Amino acid sequence: MLKDIPFQFSGLQYHVRFEAILTSILGGPALTYASGLAAFHAVLVLLNSRRIAIGEGYHGCNGVISMVSRMTGLKNLPLDCDAAELQPGDIIHVETPLNPTREAIDLQYYADKAHKMRAFLIVDATFGPPPLQNPFDFGADIVLHSGTKYFGEQSDMLCGILAAKPQHDFLMKLYSDRVYLGSVAGNTESWLGTCMSLRTLELRVIRQSATATALVSWFHSQLHDPSTAVHELAQEVHHASLQTEAKEDGSCKLRLFQHATSLGGVESLMEWRAMTNTSIDQRLVRLSIGVEALEDLARDLQQD
Ligand SMILES: *Cc1c(COP(=O)(O)O)cnc(C)c1O
Ligand SMILES: *[C@@H]1O[C@H](CO)[C@@H](O)[C@H](O)[C@H]1NC(C)=O
């Protein structure tokens, strides 16, 4: 399929290579964009839906929706709306694991709800990159990643990725729309992606996920031990590994965890969300686990 795509400029060959590898990793024909939000915008342009059912998640996607609705009248519905409120061609947009609480969402439930009405299920899988999950196994029509995060490795590239379910005939339309949207990924990012980031994706993601899960379990045990600082300071720990049900001060002492809004790179990050949005619970801290040693990260969190 990829060989049928005409070369626009010979200098862009890296993104053809990058996309060929992504196609095989993601399990559906993949295209890259200038950013995750540019990829999300391309989905809205492609499907030109009347309604989109969307819940919590990355706030930027709501920004794109409100911009598109100025032009097309696209309407927002709550994620738990009645299936009967959806019509053919509409979208259910699900992010899993969900930002910022890391809960896993039952994709098959939303796929069935969408498909019953001949609507589409779009899955933002940024927080669960390969090899952790494959949303196509649970009925996704289009899978979106902010490649800026786990795919990017060193927190130094901006990129968005779309992969379409192979049975859909979306690729050529996405490809030609992208020419006119002008949201193609930069050649340097495609080179970084092909020659650096993807080569270590599996190693990094498996290590980051294992360390995060171990750290979460350590946190969780401390939470119930009154002699610990975690018990004193924290109220809850959220992570998909702790989930039991399906779900439809600025001064920081941490040395290893840097304060930043991004995630997925090899260096651990923490984000105190109330700093950028005062209506968020002051106690909510989001951690992104890099590839440092578990003991070092635990010590950094435990210090007085
Ligand atoms: C960062 C992020 C995006 C947007 O990606 P950019 O590459 O920053 O435009 C979309 N969805 C989720 C879940 C994200 O974390
Ligand atoms: C701030 O947080 C509130 C509550 O979660 C949310 O409704 C709102 O959209 C957020 N604002 C921004 C700019 O993210």
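As annotated in an unreviewed UniProt entry, the protein is Cystathionine gamma-synthase from Hypocrea atroviridis. According to the UniProt record, the Sequence similarities (unreviewed entry) comment for the protein reads "Belongs to the trans-sulfuration enzymes family."

A. Structural view of empty space enclosed by the protein. Of the voids in this model, the second largest cavity is the one considered here, and its volume is about 30 Å³. Lining the second largest cavity are Ile 54, Gly 55, Glu 56, Gly 57, Tyr 58, Cys 61, Asn 62, His 93 and Glu 95. Secondary-structure elements contributing two or more residues to the lining of the second largest cavity are helix 3 (59-72) and strand 4 (91-95). By residue class, the composition of the lining of the second largest cavity is 3 nonpolar, 4 polar and 2 charged.

B. Examining the site of ligand 1 more closely. Close to ligand 1 lie 13 residues; Gly 36, Asp 124, Ser 146, Thr 148 and Lys 149 are nearest. At a separation of 2.9 Å, an oxygen atom of ligand 1 approaches a polar backbone atom of Leu 37. At 2.6 Å from a nitrogen atom of ligand 1 is found a side-chain nitrogen or oxygen belonging to Asp 124. With the chains in place, 93% of the 390 Å² that ligand 1 exposes on its own is no longer accessible. The cavity where ligand 1 resides is the second largest pocket. Split into classes, the residues belonging to the shell around ligand 1 amount to 5 nonpolar, 5 polar and 3 charged.

C. Molecular detail of the site of ligand 2. Ligand 2 sits among His 59, Asn 277, Ser 279 and Ile 280. In the model, an oxygen atom of ligand 2 is placed 2.4 Å from a nitrogen or oxygen of the Asn 277 side chain. Ser 279 is positioned such that a nitrogen or oxygen atom in its side chain is 3.3 Å from an oxygen atom of ligand 2. Burial of ligand 2 by the protein amounts to 35% of the accessible area it has alone, namely 370 Å². Residue composition of the shell around ligand 2, grouped by class: 1 nonpolar, 3 polar and no charged.

D. Representation of the side chain of Arg 51 in the model. If you trace the backbone, Arg 51 turns up in strand 2 (residues 51-54). Accessibility expressed as a relative area gives 18% for Arg 51, which makes it buried. Engagement of the side chain of Arg 51 in a polar contact is seen with the side chain of Gln 87, the distance being 3.2 Å. Arg 51 has contacts with Leu 74, Lys 75, Leu 77, Glu 85, Gln 87, Asp 90 and Ile 91, leaving out every residue within four places of it along the chain.

E. Summary view of the sheet that holds strand 1 (residues 30-33). One open sheet holds the 7 strands; their spatial order is 1-7-6-5-4-2-3, and the pairing between them is mixed. For this open sheet the edge positions go to strand 1 and strand 3 (75-78), each flanked by a neighbour on one side alone. This sheet shows a mean twist of 25° between the axes of neighbouring strands, independent of strand direction. As paired strands, strand 5 (residues 120-124) and strand 6 (residues 142-146) are joined by 3 bridges and run parallel to one another.

The rules we used
- Residues numbered from 1 in each chain as written.
- Chains lettered and ligands numbered in written order.
- Predicted model: local features only at pLDDT ≥ 70, side-chain atom pairs only at ≥ 80, totals over all residues.
- Heavy atoms only, no water.
- UniProt positions renumbered as here; feature names shortened; annotations may be inferred.
- 1 Å grid on protein atoms, 1.4 Å probe; cavity = no way out; pocket = protein on both sides within 12 Å on 5 of 7 lines; lining within 4 Å.
- Points joined across faces, edges and corners; volume = space filled by probe spheres on them.
- Helix = DSSP H or I, 4+ residues; strand = E, 2+ residues; numbered from the N terminus.
- Nonpolar A, V, L, I, M, F, W, Y, C, P; charged D, E, K, R; others polar.
- Near = heavy atom within 4 Å.
- Polar contact = N/O pair within 3.5 Å; in protein donor to acceptor, adjacent residues only side chain to side chain.
- Areas by Shrake-Rupley, 256 points an atom, 1.4 Å probe, with all protein chains shown as cover.
- Sits in = over half its atoms within 2 Å of the grid points.
- Buried < 20%, exposed > 50% of the residue type's maximum accessible area, 1.4 Å probe, protein only.
- Contact = heavy atoms within 4.5 Å.
- Pairing = 2+ DSSP bridges.
- Axes fitted to C-alpha atoms, helices over the stretch in contact; angles between N-to-C directions.

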